Amino acid sequence: MKAIVVGAGVAGPLTAMALQRAGIEAVVVERHGPPDPRSGSWFSFSPNGLDAMDAVGVLDLAKGLGSPTLRNVLVGATGRELGALPLGAPLADGTPALTMKRSELTAALVHEAVRRGITFRWNAGLIDARRDGDEVHATLADGTTLTGDLLIGTDGVHSPTRCLIDPAAPAARYVGLTNFGGVMPGGAAVLDGVDAVTEQWRMVFGKRAFFGHHVHPNGDVVWFVNVPEPAISPEERARTTDDQWRQKLITLMDGDTGPATRIIEGGVLELTGDNTHDLGHVPTWHRDRMIVIGDAAHAPAPSSGQGASMAAEDAVVLAQCLRDLPDVDSAFAAYESRRRARVEKIVKTGARSSSTKSPGAFQQVMLRAIFKYAVTPKNTAWMYDHRLHWEERQATNSA
Ligand SMILES: Cc1cc2nc3c(=O)[nH]c(=O)nc-3n(C[C@H](O)[C@H](O)[C@H](O)COP(=O)(O)OP(=O)(O)OC[C@H]3O[C@@H](n4cnc5c(N)ncnc54)[C@H](O)[C@@H]3O)c2cc1C
């Protein structure tokens, strides 16, 4: 059996490697060139996502890139700690959640997949796909056509594959926050006290924006800012310089507790004016031997810290279903029945945490209570402590 995998982000190379483990050949097509490990933002991989990476044999690769992250500490505008969000129990080998640069991870996953013999087609975006009997024909932007037994869309939150499967599929929703991020090389040297603590993200509900920083073991400080504002247009992004973005962020964070302005001023901008989207209920995930997984099917807002981990879980479960079910249609149905409730619950959780990033005094009182009574290790275990077992046989509609 041969699969066409569309998109070489987080889910694409993981899916191809999981399929290979299940005895299925895969070719990955990507609209851009190979990933540049230096570009873009940082993110956290949760223990449940790392467990899925382990099933594909790339946990050590992730451990080599990530820095341990045990909790997110939330701080109110006055400097008072509102609570700490635990990031789940570590894996059996002691690996906790890891913070890493997204592009470094995707570049390393692609490198590993190529080493395992998987083919990537760069600058070859999917334009069209159609079923013909037991085959799918994919038309690519480089003018070529690929034929496979099935097609898997791992093409992200604005997925073209989603629309090919269902032209009426919902579009991603702007969640009302823009995203900026960067790194301050050697920044740990200018921090002290609670701001210098490692193995955590420290996040401040500022008066006008939400700021987070993470002290990397190598002494760099990684940071992000979420700004509640209308979406930034491509024109505004094109005409705004890094110095102007930096000045905007410093003005927004001015007077807030914490080291935001110092870190932003002394650091390098790596992500500017990114509009944050989520994608909740997509009624049709598969049709005609084509399916969407990862952000293409369900994208929690970045504040959930779960998008990449969900994509990794999806990759493994889909490969298990294709390995164990007698045909593509029943494998897709079994996959959906195993995944839908979990991923949609996580998208809803992410939407709630995005809405709490808009500052407000009443909200901060509420948040203290939420962190104390609702967001406890026990209440979040369903999300972080989820584990996959590669050998476990999948059955029709196994939930
Ligand atoms: C600022 C930010 C912070 C985040 N923080 C976290 C976090 O802390 N933890 C977490 O788990 N998640 C986080 N996420 C979410 C996480 O990045 C996504 O959930 C994850 O990348 C989804 O993986 P994916 O492979 O499904 O999609 P993507 O990684 O978006 O990859 C999609 C790929 O498909 C390609 N593509 C698109 N169209 C085509 C086409 N027509 N043909 C071929 N290829 C195509 C794209 O170029 C891209 O390479 C964050 C996201 C953002 C934006």
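Residues numbered from 1 in each chain as written. Predicted model: local features only at pLDDT ≥ 70, side-chain atom pairs only at ≥ 80, totals over all residues. Heavy atoms only, no water.

Glancing now at the sheet that holds strand β14 (residues 200-205). Pairing is mixed in the open sheet, where 7 strands are placed in the order β6-β5-β14-β15-β16-β13-β17. Unpaired on one side and paired on the other, β6 (81-86) and β17 (268-278) mark the two borders of the sheet. Put simply, the sheet's adjacent strands are angled 20° from each other on average, direction ignored. Strand direction decides the pairing type here: strand β13 (residues 173-184) and β17, joined by 7 bridges, are antiparallel. Looking at β17, one finds that glycine 181 is bridged to leucine 271. (Pairing = 2+ DSSP bridges. Helix = DSSP H or I, 4+ residues; strand = E, 2+ residues; numbered from the N terminus. Axes fitted to C-alpha atoms, helices over the stretch in contact; angles between N-to-C directions.)

Time to look at the site of the ligand. In the region of the ligand, 32 residues are neighbours, and Ala11, Glu30, Ser44, Leu126 and Asp295 sit closest. Contact distances for the ligand include 2.7 Å between an oxygen atom and a side-chain N or O atom of glutamate 30. Separating an oxygen atom of the ligand from a side-chain N or O atom of arginine 31 is a distance of 2.9 Å. Expressed as a share of its isolated accessible area of 990 Å², the protein-covered part of the ligand is 87%. Elements represented by at least two residues in the shell around the ligand include exactly β3 (42-45), β17 and α9 (307-324). No other element matches the 4 residues that α9 contributes to the shell around the ligand. Here the residues of the shell around the ligand sort into 12 nonpolar, 14 polar and 6 charged. (Near = heavy atom within 4 Å. Polar contact = N/O pair within 3.5 Å; in protein donor to acceptor, adjacent residues only side chain to side chain. Areas by Shrake-Rupley, 256 points an atom, 1.4 Å probe, with all protein chains shown as cover. Nonpolar A, V, L, I, M, F, W, Y, C, P; charged D, E, K, R; others polar.)

One can read the domain layout of the protein as domain 1 (2-68 + 99-172 + 279-358) and domain 2 (174-278). The C-alpha-based centres of domain 1 and domain 2 are spaced at 28 Å. Between domain 1 and domain 2, the contact holds 23 residues from the first and 21 residues from the second. Counting each side, the surface lost to burial between domain 1 and domain 2 is near 1,700 Å², with a carbon and sulfur contribution of 62%. For the pair domain 1 and domain 2, the interface holds 1 salt bridge. The residue lysine 101 makes a salt bridge to glutamate 270 at a minimum N-O spacing of 3.0 Å. Remark: the boundary between domain 1 and domain 2 carries 5 residue pairs in polar contact (both at pLDDT 80 or more). A per-class count over the side of domain 1 that touches domain 2 returns 10 nonpolar, 10 polar and 3 charged. (Domains from an automatic or database assignment. Contact = heavy atoms within 4.5 Å. Buried area = accessible area lost by both parts, 1.4 Å probe. Salt bridge = Lys/Arg side-chain N within 4 Å of Asp/Glu carboxyl O.)

Let us now look at the pattern of salt bridges. A side chain of one charge can pair with a side chain of the opposite charge when the charged atoms of the two come close. Enumeration over the complete set of coordinates arrives at 24 salt bridges. Measuring nitrogen to oxygen at the nearest pair gives 3.6 Å for the salt bridge that ties arginine 131 to aspartate 288. Of the two residues, arginine 131 is situated in strand β9 (residues 126-132) and aspartate 288 in the loop between β18 (286-287) and β19 (290-292); the sequence distance between them amounts to 157 residues. Take arginine 131: its relative accessible area is 30%, and that puts it in the partly exposed class. Overlapping salt bridges bring together Arg131, Asp134, Arg287, Asp288 and Arg289 as one network. (Buried < 20%, exposed > 50% of the residue type's maximum accessible area, 1.4 Å probe, protein only.)

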